Every structure is written in C-alpha cells, then in structure tokens.
Amino acid sequence: MNINLTLIVQMIVFAVLVWFTMTFVWPLILGMMEERSRRIAQGLAAAEQGQQELAQARERADAIVREARERAHQIIDQAQHRANDLVEQAKGAASTEGQRLVAAAHQQIELEATRARESLRREVGQIAVIAASKLLGREIDARTHADLISKLATEI
Amino acid sequence: MAAAENAPSATEYILHHLTFLSNKAPQGIVDFSVINYDTVFFSVLLAVVFGGSFYLAARTATAGVPGKFQNFVEMMVEFVDNQVRDSFHGTSKLIAPLALTIFCWVFLFNFMDLVPVDLLPAVARGIGLERLKVVPSTDLNATFALSLTVFILIVYYSLRMKGMVGFISELTLQPFNTKNVFAQALLVPVNFILESVTFLARPVSLSLRLFGNLYAGEMIFLLLALLTLSSGFGGLTTVGGWLGLLAQMILGLAWAIFHILVITLQAFIFMVLTIVYLSMAHEHH
C-alpha cells in the first residue's frame, strides 16, 4: 500500500470524467427534464382549457336544443291555429253556399208556384168563359169581356 | 480456489490479493515511478461504463415518455440534483455534475467488491497476469485522487468566492477571536493550527473513510474465501470440507447483501460531503 503515480493518473481520469459529465451528460438530461415538465404543464393547461371548452359547448348545445324545442312548439301552435282557421273558413263557406242554394231553391219554387198560379188563373178564366158561354148559350167575345175575365181571374 | 496440491498458504493468498498489479515493487510509502495497472484499468473501464451509458441515455433522451434506462438515469440525476439543492445554496454549473460523477463512479468502484474475489484474478491468471486487484476504492491512490481533486476545488472556490484575504482570515480569525488586537495576535497561530487541521482533515477523512470501508469489506470476503482455501474441490470428500463450503456460501451471501448497503452508503457519503465542503467554500462566515 503506497502512494504512487496511480494517484496522478486517477486525478486526471476523474477530472476528465467530471468535465465529460458536466459538458455532455448533465445539461442534456436536465434540459430534457425541464422540457418535459414544461410539456406536462402545457398538457395540463390544455386539458383544463379543453374541459372548459367542452362545458361551454355543452351549454351552447343545450341552449340550441331549448331554442329549437321552443321554435317547434311555436310552429305546431301556428299550424294548429291555421288548421282551425281553415276549418272555420270552410265551415263558413259551406253554410253560405248552403243558404244560397236553399234561397235559390225557394226562389225557384216561388217562381214555379207563381207561374202555375198564372196558368191556373188563365185556365180558370178560360173555363169560366167557356162555362159562361155555355150558360148564356152564345159565344162570348173574349176580347170584349177580357177585362171581366182578368178581373175574375185575379179574384180566384 | 486453487487445487489442493498447489494451494497457497493463508498468508500467501491474502498477500496475493492485497498486492496491486504494478510495473514494479514500490520503494517506500511514496514512489511516483510505480503505477497500479489494475486500478487504472478498472477505474477507466468504470468511467467508460458510467460516462458511456449516461451519455447514451442523454443522447437518446426524449421529453416524451421515457424508456426504462432513461428513467433510471433521470432518477439518478434528480436524486443528485435534489441533494445539491438541499445542501448547496450558491449557483454553480460544476457542483451537480461533479456530485453525480462521484456518486456513480464511486458506486461502481465499490460495486466491484461484490464480484467474487477470485473470479477476475483467476481470469487474469488465465491471460498471464499474476495478480489483479479489481476494486479501485481499495486503492488509496484512487480514493485520494478523488478527495484531492475535491480539495483542490475547495481551495479554488474558497479563494474565488472569498478572495485571498477572506480565505486567510477564515483560517486565522476563528474559532477564537477578540476585539483586543494584542490578544487576537496571540490567538491567530492557535486558530491557524486548529483550522488548518480541520481544513486538511477533510480530504484525508474523505478518502480514508471510503478506503477503509471497502478495504475492510474486501478483507471479509478474503477471510471467508479462506474457509475453503486449503481444501479446494478435493476437500469435498470430508465433512469438514462440506461444512467449510456451506459456511463460506452462507456467510459470503450474508456479507454481500449487507455490503450492498455499505457500498451505496459510502458512495452517497462521499457525494454529500463533497457537496457540503464545496458549499462551505462558497459561503462567507
């Protein structure tokens, strides 16, 4: 056991090794580790942000769905109103038309009745004239007694 | 274990394991013409293992999902970084990589102690080397190289942060000081002796602590190996031979498991004390 040249050699080897570690190993590894912590911090921040955005998007989606539902309700209400209106209109139109038809039929009947009455009257007049001429035994001039006949006819 | 016919004596065996593979036998305690090839070889090899693997990990490191090895390297770096942040309050680009290097390199030094004591020397004998000491931290040269380098850094940072005057006053004006100039002049040499001892004890204790722990650990493994030294495979014909083998296996396992704690702890202590010493060098009193 003695001190010899090995001491000097070992010191040199040690110095070189420390220099090597200091230059090529330590900064690289430490830098890389710092880079990783930076990345992790970024990742965490991004995740946080993502969650916030997700929550916001959910809120927006909810709002849109709510709005759409309201809008749908509105549309259905409107459609129902419109349908009711249409039915009412149709009902109105139908009853007007019916009334018109009834009125027209009444008119027609009135007209027919009048016409029948006229012709009856005329026929009654004629019959009366014929009857009278039979009674009197002579021809009654229809023209001379026209006034009388028509007067008679109106009285029937 | 050598075969029974040419088995070395216990003394020869232990001496063989405690002698370095060097260019020549050292003359005296300090002899700079001697070099321990095994220590240099294994420490350079382990430096390459550490530097290479960490460099590879650093090169291929991604900030994305890390692989298993990258994870391990990051764990080490973070562990060392935390240690440095806890004890060192200045700013320095050097301290943290230095601490990482010390921890990993010393750990690998110590880890060689867990390689079976006769395995690599046997391989060395196979390629014609008569001896091989595989644990660099059982070489005082290796541990002193670490602690002296740290000591030089301590002196350098002390001078740089406090200036020559600050550094000298730190060595001479404490722990005893007084307002009385005359008394202070008397106290300066006392302070200087006390502080110098404290100051110089740092690298010595740093390296001797590591060396002592690992040397003792290796010695235990060697002593356990002695249990089957004389018998070899031939000893397995006797009950005593089997008992020796069993004892060596159980005790060796127990010591190796305990030693995992020791080698990690010693590497950790070396690193933390380095950080603390350099931190003290940075701080004003």
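Fair warning: this is a prediction, and the values are worked out from it, not measured in the lab.

Let us look at the overall build of chain B. Of the regular secondary structure elements, chain B holds 8 helices and 1 strand. Over its C-alpha atoms, taken along the principal directions, chain B stretches across nearly 80 × 55 × 35 Å. Burial analysis of chain B (285 residues in total) assigns 45% to the buried set. Surface accessibility of chain B: about 14,400 Å² in total, with carbon and sulfur atoms responsible for 73%. Separation between the mean location of the 13 positive side-chain charges and that of the 16 negative ones in chain B comes to 9 Å.

Its 17 residues give helix 4 (residues 95-111) of chain B an end-to-end C-alpha distance of 24 Å, which sits within 8% of 24 Å, the value for a rise of 1.5 Å per residue. Counting buried positions along helix 4 of chain B gives 15 out of 17 residues, so the element sits mostly inside the fold.

Moving on to the interface of chain B and chain A. Contact with chain B, which involves 56 residues of that partner, is made by 29 residues of chain A. Buried area between chain B and chain A, both sides added, is near 3,800 Å², and the carbon and sulfur share of it is 77%. Contact with chain A buries surface across chain B, with B:F32, B:A63 and B:N141 losing the most and accounting together for 17% of the total. If you look at where chain B meets chain A, you find 1 salt bridge. Of the charged contacts in the structure, one is a salt bridge between B:E74 and A:R36, with a shortest N-O distance of 2.6 Å. Counting every contact that joins chain B to chain A gives 10 residue pairs in polar contact (both at pLDDT 80 or more).

Considering all chains together, one arrives at 17 aromatic pairs over all chains under this definition. Each ring, one from B:F41 and one from B:F42, has its centre 5.1 Å from the other, and the planes form 75 degrees; the classification is edge-to-face. Residue classification places B:F41 among the partly exposed residues on the basis of a relative accessible area of 48%. Overall, B:F42 belongs to the buried group, its relative accessible area being 5%. Summarising the aromatic geometry, the rings of B:F167 and B:F199 are spaced 5.6 Å apart at their centres and angled 65 degrees between planes, so their arrangement reads as edge-to-face. In this pair, B:F167 sits in helix 6 (residues 140-172) while B:F199 sits in helix 7 (residues 181-226), placing the two residues 32 residues apart along the sequence. Side by side, B:F167 and B:F199 carry an identical accessibility label, which is buried. An aromatic cluster of at least three residues, connected via ring pairs, comprises A:W19, A:F20, A:F24 and B:Y55.

We now examine the pattern of salt bridges. When the charged atoms of two side chains lie near each other, side chains of opposite charge can form a pair. Under the criterion given, the structure shown has 10 salt bridges over all chains. Among the salt bridges present, the one from B:R131 reaches B:E130, with a minimum N-O distance of 3.4 Å. In this structure B:E130 comes out as exposed when scored by relative accessible area, which is 55%. Connected through shared salt-bridge partners, A:E35, A:R38 and A:R39 make up one network.

Reading the values: the criteria
- Residues numbered from 1 in each chain as written.
- Chains lettered and ligands numbered in written order.
- Predicted model: local features only at pLDDT ≥ 70, side-chain atom pairs only at ≥ 80, totals over all residues.
- Heavy atoms only, no water.
- Helix = DSSP H or I, 4+ residues; strand = E, 2+ residues; numbered from the N terminus.
- Buried < 20%, exposed > 50% of the residue type's maximum accessible area, 1.4 Å probe, protein only.
- Areas by Shrake-Rupley, 256 points an atom, 1.4 Å probe, with all protein chains shown as cover.
- Lys, Arg positive; Asp, Glu negative; His and termini not counted.
- Charge placed at Lys NZ, Arg CZ, Asp CG, Glu CD.
- Expected span 1.5 Å × (residues − 1).
- Contact = heavy atoms within 4.5 Å.
- Buried area = accessible area lost by both parts, 1.4 Å probe.
- Salt bridge = Lys/Arg side-chain N within 4 Å of Asp/Glu carboxyl O.
- Polar contact = N/O pair within 3.5 Å; in protein donor to acceptor, adjacent residues only side chain to side chain.
- Phe/Tyr/Trp six-rings, centres within 6.5 Å; stacked < 30°, edge-to-face > 60°.

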